[in-house]
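If you want the building blocks of each chain, they are given just below.
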Amino acid sequence: MLKISWGLGLVLGAGLAVAACGDQSIPVESQQPLHINISGEGRVVSAPEGVDCQQRCDTAFAAGSRVTLRAEAAPGQRFRGWSGDCSGLALCELLLDQARQIVALFEPEIRAAPSGLWLKGDMHVHDDHSSDGSFMRQLGDDRGPGNVSIQDQIGFARFSGLDFLPLTDHRTYDQHYDPTWESPHLLLIPGEEANGSPHATTHGAVDSIVQGASNDDEPRRLQQSVWDAHSQGAIWITAHPDDGMVDGDGQPNARASVVGVDLVETWNRASDVEGEIDYAEHRWNAGFRFGIAGASDSHFRELWLLSGPGLPITQVFAAERNERAILQALSAGRTALTGDGVSPVVTLEADFDGDGVYEAIGGDEVLAPAGTAGTLRIRVKGGMGTAVHLYGAPGRSAGPLQTFRPGLLELDARYEVAIVAPGAPAWYRVEVRGLSLPHAFNTSDLPMSIIPMPQEIPNQLRAMTSPIFVSAAPVDAQPELPLPTDAGTADGALLALGDSKRFSGFPDIAVDGAVTHLVAELHDTAATQVVYRRRSGNGWSAPVLLSPSRYARFPSIAARGQDVWVAWQDESAGQQPRRPAIMTVRSRDGGLHWDAPQTLRAIAGRAERPDIAITADGDAIVVWQEIRAAQPFDVLVQRPGVDAEPQNLSRAGKDFAAANLLDTRSARYPASVWPRVAVAPDGRTTVAWQDNRSDSEPLWTGQTFSGEGTDPDNWQIMLRSRSASSSEWQAAQTLGADDQADRHPVLAYDAQNRLVVAWDSKPLKSSGVDLVVLAASADDSGNFSAPAPIAQGAQGMGQYPRLGRQPDGRVRVVWTDSRSLDWRWRVMTGVFDGAAWQDTRLLPARGNNSWPSTAGGQIVFASTRNAQRMQRDPTQQVFLLPAP
């Protein structure tokens, strides 16, 4: 059995049931004192809430209580460890069977030069999966043929010398379901250009980010889009802010008040670069903290040499060459831009403790009291004949602080600038200007917009850095439209996994008797791993690292008696090309010990997003989606150790074909994705998935030569079942409607063997509409009721439902819902009594609460409630809550 340690670089938390601090209802003779002292700058908190100590605290708990304490360092400090009745760096877990004393030790951070490597990418690239993906499609209102395939853009990106590439097609995730989304040369990262207006690019999300109905509350929908991306461990980038985020006078409008943006496109090849820089400086001066992104916004092969992928290049300083490391670096704003592979490359560093070690780079925040002496170091490679401008707040309106002009022989020029930290929050950045063609190629106004104006050519942007932000304390954004105050209340949820400044999410839960089994993802600087915890009575087990590699995602868990199974997606084979495999691991003693992990499925393709259940015979049954070259995504099922090979549940009846040479969109690859499995008390098994085979052009928006088609696809829910006594699966059933995108199905059986299916659904419109959670149930003959919303009446939308059986045998539903008046995502729940949904309610807890799962009367979810800032704080933890 492997136990998590801090040496793995993962920070885990645990919350145990405790009495309220100083609860006067508990007799004094039944209490045990707890004395907490803090050395240095930091605080100690408990979960559930009760202790929040910043210097010295004397309190008491019911005798015999178990309490878990977590240390949180102040900015510029680090936690050195516990002393007294706790030791080490992990959580302090105490049994209050006697008086306890602990000391939390904090000390100043040891500042070292950042370690990593610069990787080159382009944050905004389209192909023909976009609604206006190529020249003929734009001219023909999406009726023309396409000529920019996924492999076309990957090929040009490789020609441009890029290391990684997202394909950010408009309001769709379908490009990732295409078998040509593959490259051994580039690291491909999931991407999308989200929202109707204004646009944003998201990177690392697990599905399309849906912008809900705008009505008169568009800033709310935009803010929820940011929070939705962050709940998935993804980043959110403001795309071409000059188009949508500013008014006619160039001033930021209400949309610009969105907080938590990770990066802003300050160099979009297809729009006004100068306006984009002005926008970014305005936001930095208002306390927003984000880095910069470069974007070719490439749509057209006809303009590849002017604005193809890699024109410009976004350089990212990442700890390693993998998806998580790149996303973490983007979130931290550690970026610099250059026009192309032969343009100058510029970096900015800072030293504010005088030791000669430059501990900060562009994108970083430096905490330094006013009057602190510091040094900035600028490095320019290939800058001969350019002007290198150092700007500080308020920016270009005040002119450069200094300008340098590298000589013709200065191939690698370096400049040091002495500065003093001012009293007000400040920032510093670098631009390189010189001879080049204009950088705006507005394809909505071809051909006039691409004709260079001679007077513009000498002073074109060639390279730039993200700012280094300097302040005495962390800075909060000051939006013109303030965010509503968090209206959430304390819910008594137990902290199960995670700690401050880290992301944990996508939890799953299984309950058997009095034992709760929980798995979730934990993200580190360059790793994504699967961790398990077991709760019995009032105690948690130590966290157990289940995944042997550092590229594990999407865990699913099932338990029956002493058998506990976990499945997940793992990329131990690497990410170039993407080759996720399906892994399983088994415990035979209720989660106390674990067998060695086993690879269930590894192919020359992608095997993804497993779900797992345990049959009436005690066998695990696993379903997943997979794709190979020139094949569509299909849903497969297998019982580990029983079935020699998996069975394909979705291939029958599919018509698929590659593209012809004249139209990239002639390819047909109907996708079967997001599978789920459930087992009834009588042993019946059902698998559900979302499927777009009934769409006129699956995976494409628009319809060549004959109209706009569907956007998004006509996704529907498909199911196949088999009885406990048969190995044959029945013919597929379909739920959903042709005028709706029905997605993300889940299913569960109640104690009477009734099958309940739920999913989220929206009209066939790419944005500006709300998702609703629908459900249907089957009678004894397998006939389903008409799909109907589980809860109605409030403005907002619900997504990603989960179902689980209650101890009383009824089915409970949970989902992520946006209807709260304070804009936060919250957990919605209700119970199916066999005829109707009852007691539907929003759980009004603090923070953004998302990705819930439920089983056995328990709800597990991810929450940002302990994040200290609305921007640049990735804190998301996993909590456990008894169902209401």
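Residues numbered from 1 in each chain as written. Predicted model: local features only at pLDDT ≥ 70, side-chain atom pairs only at ≥ 80, totals over all residues. Heavy atoms only, no water.

Considering the overall build of the chain
For the chain, the count of helices and strands is six helices and 57 strands. By its C-alpha atoms, the chain is 80 × 75 × 50 Å across when sized along the principal axes. Counting only residues that meet the buried cut, the chain has 62% of its 884 residues in that class. Within the chain, contacts between residues separated by at least 24 positions form 64% of all contacts whose residues are at least 6 apart in sequence. Accessible surface, the chain: about 31,000 Å² in total, of which carbon and sulfur atoms supply 50%. Computed over 75 positive and 106 negative side-chain charges, the separation of the two mean positions in the chain equals 4 Å. (Helix = DSSP H or I, 4+ residues; strand = E, 2+ residues; numbered from the N terminus. Buried < 20%, exposed > 50% of the residue type's maximum accessible area, 1.4 Å probe, protein only. Contact = heavy atoms within 4.5 Å. Areas by Shrake-Rupley, 256 points an atom, 1.4 Å probe, with all protein chains shown as cover. Lys, Arg positive; Asp, Glu negative; His and termini not counted. Charge placed at Lys NZ, Arg CZ, Asp CG, Glu CD.)

Quick look at the packing of aromatic side chains
Within the structure shown, the criterion is met by 21 aromatic pairs. Summarising the aromatic geometry, the rings of Phe 135 and Phe 300 are spaced 5.9 Å apart at their centres and angled 90° between planes, so their arrangement reads as edge-to-face. Placement of the pair is Phe 135 in helix α1 (residues 135-139) and Phe 300 in the loop between β16 (291-295) and α5 (304-307), with a sequence separation of 165 residues. For Phe 300, a relative accessible area of 4% corresponds to the buried category. Judged by centre distance (4.8 Å) and plane angle (75°), the rings of Tyr 532 and Trp 594 are edge-to-face. Highlighted residues: Tyr 532 in strand β32 (residues 527-536) and Trp 594 in the loop between β37 (581-587) and β38 (598-601), separated in sequence by 62 residues. For Tyr 532, a relative accessible area of 0% corresponds to the buried category. (Phe/Tyr/Trp six-rings, centres within 6.5 Å; stacked < 30°, edge-to-face > 60°.)

Quick look at helix α2 (residues 150-159)
All of the buried residues along α2 are Ile 150, Gln 153, Ile 154, Phe 156 and Ala 157. Along the axis of α2, the buried residues cluster in a sector spanning 165°; they form a single face. On its buried face, α2 is in contact with β10 (164-166), β11 (187-189) and α5. Gly 161 sits one or two residues past α2 and shows a positive phi near 85°. (Arc of directions from axis to C-beta.)

A short note on the pairing of β32
With respect to burial, β32 is a largely interior element, nine of its ten residues being buried. Counting the residues that bridge the hairpin from strand β31 (residues 515-524) to β32 gives two residues. The sheet contact formed by β32 and strand β34 (residues 544-545) spans two bridges and is antiparallel. Paired with Tyr 532 across the two strands is Val 544, which belongs to β34. The loop that links β32 with its antiparallel partner strand β33 (residues 539-540) comprises two residues; one of these, Gly 537, has a positive phi angle of about 65°. (Pairing = 2+ DSSP bridges.)

A look at the state of the cysteines
Inspection of every chain in the model, using the stated rule, returns two disulfides. Between the sulfur atoms of Cys 53 and its disulfide mate Cys 57 the distance is 2.3 Å. In this structure, the disulfide formed by Cys 53 and Cys 57 twists by about 115° around the S-S bond and is classed as right-handed. A sulfur-sulfur distance of 2.0 Å marks the disulfide that ties Cys 86 to Cys 92. Where Cys 86 bonds to Cys 92 through sulfur, the torsion about that S-S bond is close to 75°, and the disulfide is right-handed. When its relative accessible area of 8% is taken as the criterion, Cys 86 is described as buried. Given the relative accessible area of 0%, Cys 92 is considered buried. Cysteine pairing for the chain, with bonded cysteines counted in sequence order: 1-2, 3-4. (Disulfide = S-S within 2.5 Å.)

Examining the sheet that holds strand β15 (residues 263-268)
If you walk across this open sheet you meet the five strands as β12-β13-β14-β15-β16, and the pairing is mixed. The open sheet is flanked by β12 (191-194) and β16, the only strands paired with a single partner. Strand-to-strand twist of the sheet, defined as the mean angle between neighbouring strand axes without regard to direction, takes the value 30°. Across two bridges, the pairing between strand β14 (residues 235-238) and β15 is parallel. From the neighbouring strand, Ile 237 faces β15, where its bridge partner is Leu 263. The strands that helix α3 (residues 218-231) touches are β13 (200-203) and β14; relative to β14, the one it contacts most, it runs at about 145°. (Axes fitted to C-alpha atoms, helices over the stretch in contact; angles between N-to-C directions.)

Observations concerning α3
Within an α-helix, residues lying three or four positions from one another point in the same direction, as the helix has 3.6 residues per turn. Its 14 residues place the ends of α3 20 Å apart at the C-alpha level, agreeing with the 20 Å of an ideal helix rising 1.5 Å per residue. Among the 14 residues that make up α3, 13 are buried, leaving the element largely enclosed by the rest of the structure. Just past α3, the residue Gly 233 takes up positive phi, approximately 75°. (Expected span 1.5 Å × (residues − 1).)

With respect to the environment of Trp 674
Locating Trp 674 in the fold gives a position in strand β43 (residues 672-679). Taking C-alpha positions, Trp 674 is 48 Å from Gly 40, a pair spaced 634 residues apart along the chain. Sequence-distant contacts of Trp 674, defined by excluding residues within four places in its chain, comprise Tyr 177, Val 206, Asp 207, Arg 609, Gln 625, Ala 688, Trp 689, Gln 690, His 744, Pro 745, Tyr 800 and Trp 851. At a separation of 3.4 Å, a polar atom in the side chain of Trp 674 contacts the side chain of Tyr 177. (Polar contact = N/O pair within 3.5 Å; in protein donor to acceptor, adjacent residues only side chain to side chain.)

Notes on the sheet that holds strand β45 (residues 716-722)
Taking strand neighbours across the sheet as the criterion, the four strands line up as β43-β44-β45-β46 in an open arrangement whose pairing is antiparallel. Looking at which strands have only one partner, the edges of the open sheet turn out to be β43 and β46 (733-735). Within the sheet, the average angular offset between the axes of one strand and its neighbour, ignoring direction, is 25°. Pairing analysis gives six bridges linking β43 to strand β44 (residues 685-691), with the strands arranged antiparallel. Within the sheet, the bridge partner assigned to Ser 672 lies in β44 and is Asp 691.

As for the nonpolar core
A general trend in soluble globular proteins is that nonpolar side chains are found buried together. If you look at the biggest cluster of nonpolar residues, it comprises 39 residues, and the most contacted ones within it are Trp 236 and Trp 284. Looking at this core, the elements with two or more residues in it are α3, β15, α4 (273-285) and β27 (460-465). Looking at which element gives the most residues to this core, the answer is α4, with five residues. The residues touching Trp 284, leaving out its near neighbours within four places in the chain, are Arg 289, Phe 290, Ile 292, Trp 427, Arg 429, Pro 467 and Phe 469. Judged by nonpolar contacts, the second largest core, of 25 residues, contains Tyr 415, Val 417, Ala 426 and Ile 468. (Core = buried A, V, L, I, M, F, W, Y, C linked by side-chain atoms within 4.5 Å.)

What about the side chain of Ser 650?
Along the polypeptide, Ser 650 turns up in the loop between β42 (647-648) and β43. Judged by its relative accessible area of 0%, Ser 650 is buried. Ignoring sequence-local partners within four residues, the contact set of Ser 650 consists of Asp 634, Val 635, Ser 672, Trp 689 and Arg 693.

Quick word on unusual backbone geometry
Note that the residue after Ala 393, namely Pro 394, is joined by a cis bond; omega there is 10°. Mapping Pro 394 onto the fold places it in the loop between β23 (387-392) and β24 (402-404). Here the bond from Gln 576 into Pro 577 is cis, since omega is -5°, no more than 30 degrees from zero. Positionally, Pro 577 belongs in the loop between β36 (563-570) and β37. Backbone geometry places Trp 851, a non-glycine residue, at a positive phi of 50°. Considering the arrangement of structural elements, one finds Trp 851 in strand β55 (residues 849-855).

Describing the confidence of the model for the chain
Counting all residues, the mean pLDDT for the chain is 91, and 94% of those residues have values of 70 or more. Residue range residues 1-26 is modelled with pLDDT below 50. Its contacts to residues more than four positions away, or to other chains, number 92 contacts. Here residues 442-450 scores under 50 on pLDDT; set against residues more than four positions off or in separate chains, the count is ten contacts. (pLDDT = per-residue confidence, 0-100.)

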